[in-house]
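Letter by letter, the chains look like this.
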Amino acid sequence: MSDAARHQALIDALGAELTPVRRLLPPWRRALAWLAIVAVLAVALFVRFGAGTMLHRWSAAPDLGVAACGAVLTAITAALASFVLAVPGRPIRWAWLPVPSALVWIGASGLGCLRAHIPGMPVLNLHGANDCLIFIVSFSLPLSGVMIWLLRRACPLRPVLTAVLVGLASAAASASLLEICHNFDAAASDLVMHAVAVALVVGLNALMGGRLLSRA
Amino acid sequence: MAQALTFEGPWVLLRQPPPRGPDSDKAVPTDIPSASEQADRQRAAWMAAAQAGDQRAYTRVLNDSVALIRAVARRQGVAVDALDDVVQETLLTVHRVRHTFDPSRSYDAWLSAIAARRAIDLLRSHGRREHREVHDEFAMDTHADREDASTGTLRQQEAERLRKAIETLPPGQREAVEQLGLKERTLAEAAERTGRNTGALKVNLHRALKTLRDRLHGES
């Protein structure tokens with residue numbers, strides 16, 4: 001069979017089994033659905049812990065507030081970027097979208113370790129820092145799972161890059177949620193543990209999520 | 001006409017006259033889309049109709065896509081004799097992910113991204129295969145294949161791997177491989193035996209071969 005005939009045979013076969021399909025919703029609406037899940041978790045944490053501790057920390061040390069805003073913005077922009085990049089034909093420069101907010105998040109968190117401590121607020125010891133790691137990882141994994149499940153309906157042609165963005169969005173969302181119940185001042189051990197948690201989540205996503213998405 | 005003149009008023013006299021010269025016939029207003037843009041829009045409209053189930057529009061857009069897929073694959077560095085493999089893989093992917101196309105955007109950009117990815121996949125799989133294969137004429141001359149016990153065992157192991165890989169295929173794909181590949185039945189015979197139409201059998205066979213290729217190359 002010649003190549004032209006092979007193509008024609010395949011096109012005829014694909015045409016014969018054509019069924020109407022439901023078009024994929026725009027990326028921003030799909031990202032919004034995922035962010036709604038994060039918002040529900042945030043509301044649940046606010047109900048449980050209240051906003052008092054968080055607001056006290058922010059008023060005493062505005063850099064913590066800036067870092068938290070950076071984390072929230074990183075979660076939003078990384079989620080949007082991953083949903084956009086999962087649609088074929090969208091420019092790869094979307095991957096840069098979460099970078100500025102991630103820099104604000106990381107930069108402000110790092111600066112927090114250099115200033116004077118908030119009076120009356122404990123500094124985290126290693127045991128407490130472990131709890132942060134567990135919190136971020138245990139919130140990130142289901143959030144990543146949901147996003148990968150949503151992304152598999154699209155067609156991520158760059159699975160590893162998309163999975164890295166999924167990891168970044170989930171880790172940033174979890175760090176934002178942690179902010180609600182994080183009753184500690186910034187310290188180097190805390191910052192290191194946050195960085196380890198984020199790196200772990202992004203790395204796991206790149207490894208596992210990339211594989212799952214490449215089969216989508 | 002009088003109305004038009006009244007509306008335009010004296011300002012019409014101040015406008016620049018249209019440029020005249022050797023190229024004046026070619027001058028095209030910027031708001032009119034170029035031929036390639038028009039073709040792109042036409043393909044986008046066909047694909048939008050295909051998403052709603054229009055078979056005629058679908059075969060048209062797929063037929064129209066073949067040349068573009070070949071051009072993209074060529075740009076990616078795919079050899080001429082492998083271009084048609086990229087076309088086949090891309091058409092199958094287009095079919096699977098047709099719901100991701102947004103008719104308000106360029107069809108050509110959407111298709112090119114998929115074709116480029118499939119071209120890269122093909123180049124990578126060829127790269128892996130060449131890496132595994134030995135191209136050493138001296139070795140070929142001095143160590144010709146001998147039918148010893150290990151060759152038989154190796155063949156048995158390969159057959160076993162293939163058999164296991166076929167067993168793990170989804171039922172429709174397994175059926176297509178068994179009927180068309182192993183039992184060497186014609187499409188019509190296979191369709192009669194399985195109760196499926198020939199189109200579905202062909203698509204299932206294409207998918208099964210792709211899955212088997214991926215699995216067997218991925219394992220080794």
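Just above sits the structure.
Note that the coordinates shown come from a computational prediction; the quantities given were computed from them, not determined experimentally.

Cut-offs used in this document
- Numbering of residues begins from 1 in every chain and follows the order in which that chain's sequence is written.
- In the order they appear in the text, chains get letters beginning with A and ligands get numbers beginning with 1.
- It should be noted that, the model being predicted, local features are given only for residues of pLDDT at least 70 and side-chain atom pairs only at 80 or more, the latter also being counted only at that level, while totals for whole chains, interfaces and linings use all residues.
- The side-chain figures draw on all heavy atoms in the structure; neither hydrogens nor water molecules are used.
- Each helix corresponds to a stretch of at least 4 residues labelled H or I by DSSP, and each strand to a stretch of at least 2 residues labelled E; elements are numbered beginning at the N terminus.
- Exposed residues in this analysis have more than 50% of their type's maximum accessible area, buried residues have under 20%, and partly exposed residues fall in between, with area computed by a 1.4 Å probe over protein chains only.
- Note on contacts: a residue pair qualifies if any of its non-hydrogen atoms lie within 4.5 Å across the two residues.
- Using the Shrake-Rupley algorithm and a 1.4 Å probe, accessible areas are obtained, with residue cover drawn only from the displayed protein chains.
- Only a pair of cysteine sulfur atoms within 2.5 Å counts as a disulfide in this structure description.
- The term buried area refers to how much accessible surface (probe radius 1.4 Å) is lost by two components on association, counted for both of them together.
- By convention in these notes, a salt bridge is any Lys or Arg side-chain nitrogen within 4 Å of a carboxyl oxygen on Asp or Glu.
- Residues adjacent in sequence count toward polar contacts only when both atoms are side-chain atoms; beyond that, a polar contact is any pair of N or O atoms within 3.5 Å, and within protein one must be able to donate a hydrogen and the other to accept it.
- Patch members must show over 30% relative accessible area and no salt bridge, and they are joined within 9 Å when carrying like charges or within 5 Å when they are nonpolar side chains of Val, Leu, Ile, Met, Phe, Trp or Tyr.
- Helices are assigned an expected span. That span is 1.5 Å times one less than the residue count.
- Between N-to-C directions, angles cover 0 to 180 degrees, with each direction set by a line fitted to C-alpha atoms, over the stretch in contact for helices.
- Orientation labels follow simple angle bins: below 35 degrees gives roughly parallel, above 145 gives roughly antiparallel, 65 to 115 gives roughly perpendicular, and whatever is left gives oblique.
- Take the far helix as your reference; a near helix turned counterclockwise from it by less than a right angle gives a left-handed crossing, and one turned clockwise gives a right-handed crossing.
- Following the grouping adopted for this structure description, the nonpolar residues are Ala, Val, Leu, Ile, Met, Phe, Trp, Tyr, Cys and Pro, the charged ones are Asp, Glu, Lys and Arg, and the polar ones are all others, Gly among them.
- We call a set of buried Ala, Val, Leu, Ile, Met, Phe, Trp, Tyr and Cys residues a nonpolar core when their side-chain atoms join them within 4.5 Å.

1. Structural notes on the overall build of chain A
- A tally of regular secondary structure across chain A gives 8 helices and 0 strands.
- For chain A, the succession of helices and strands along the chain, N to C, is α-α-α-α-α-α-α-α.
- Buried residues in chain A amount to 48% of all 216 residues.
- For chain A, restricting intrachain contacts to residue pairs at least 6 apart in sequence, the fraction spanning at least 24 positions comes to 88%.
- If you sum the accessible surface of chain A, you get close to 10,100 Å²; carbon and sulfur atoms cover 73% of it.

2. Quick notes on the state of the cysteines
All names here are of chain A.
- Applying the stated criterion to the full structure yields 0 disulfides over all chains.
- Cysteine C69 is unpaired, with the sulfur of C181 as its nearest cysteine sulfur at 17 Å.
- Looking at C69, the relative accessible area reads 44%, which means it is partly exposed.

3. Concerning the interface of chain A and chain B
- Residue-level contacts link 28 residues of chain A with 39 residues of chain B.
- Summed over both partners, the interface of chain A with chain B comes to about 3,000 Å²; 61% of that surface belongs to carbon and sulfur atoms.
- Taken together, chain A and chain B are joined by 2 salt bridges.
- The residue B:R207 makes a salt bridge to A:E17 at a minimum N-O spacing of 3.6 Å.
- Taken together, the connections running from chain A to chain B amount to 11 residue pairs in polar contact (both at pLDDT 80 or more).

4. Considerations on a nonpolar patch on the surface
Residues and elements named next belong to chain A.
- Side chains of L141, L200, L204, L207 and M208 sit close together on the surface and give an oily, nonpolar patch of about 440 Å² of accessible area.
- Of all the elements, helix α8 (residues 188-214) adds the most residues to the nonpolar patch, at 4 residues.
- Tracing the backbone through its elements, the reader meets M208 in helix α8.

5. Re helix α2 (residues 35-51) of chain B
All names here are of chain B.
- With 17 residues, α2 should reach 24 Å at 1.5 Å per residue; the first-to-last C-alpha distance of 24 Å fits that figure.
- Regarding α2, the residues found buried are D40, R43, A44, W46, M47, A48, A50 and Q51.
- Of the residues trailing α2, G53 is marked for its positive phi of about 105°.

6. Here's the deal with the pattern of salt bridges
Residues and elements named next belong to chain B.
- By the definition in use, this model includes 10 salt bridges over all chains.
- Between R213 and E89 there is a salt bridge whose closest N-O contact spans 3.0 Å. Taken together, the residues span a long stretch of sequence, with R213 in helix α10 (residues 198-219) and E89 in helix α4 (residues 83-96) at a distance of 124 residues.
- For R213, a relative accessible area of 38% gives the class partly exposed.

7. A closer look at the packing of α2(B) against helix α3 (residues 55-75) of chain B
Residue and element names in this part refer to chain B.
- The geometry of α2 relative to α3 is characterised by a closest axis approach of 8 Å and an angle of 140° between their N-to-C directions. As the angle between them shows, α2 and α3 are arranged oblique. For α2 against α3, the interelement crossing comes out left-handed. Touching R43, W46, M47, A49 and A50 of α2 are A57, Y58, R60, V61 and D64, all from α3.
- Residues belonging to the contact of α2 with α3 are distributed by class as follows: 7 nonpolar, no polar and 3 charged.

8. Comments concerning the nonpolar core
- In terms of nonpolar packing, the biggest core is built from 43 residues, with A:W34, A:W105, A:M147, A:L151 and A:L177 touching the most fellow members.
- Mapped onto this core, the elements with two or more residues apiece are α2 (27-49), α4 (62-85), α6 (126-151), α7 (159-180) and α8 of chain A.
- With 11 residues, the top contributor of residues to this core is α7(A).
- Counting residues in each nonpolar core, the second largest holds 38 residues, with B:M47, B:V66, B:V72 and B:I114 among its members.

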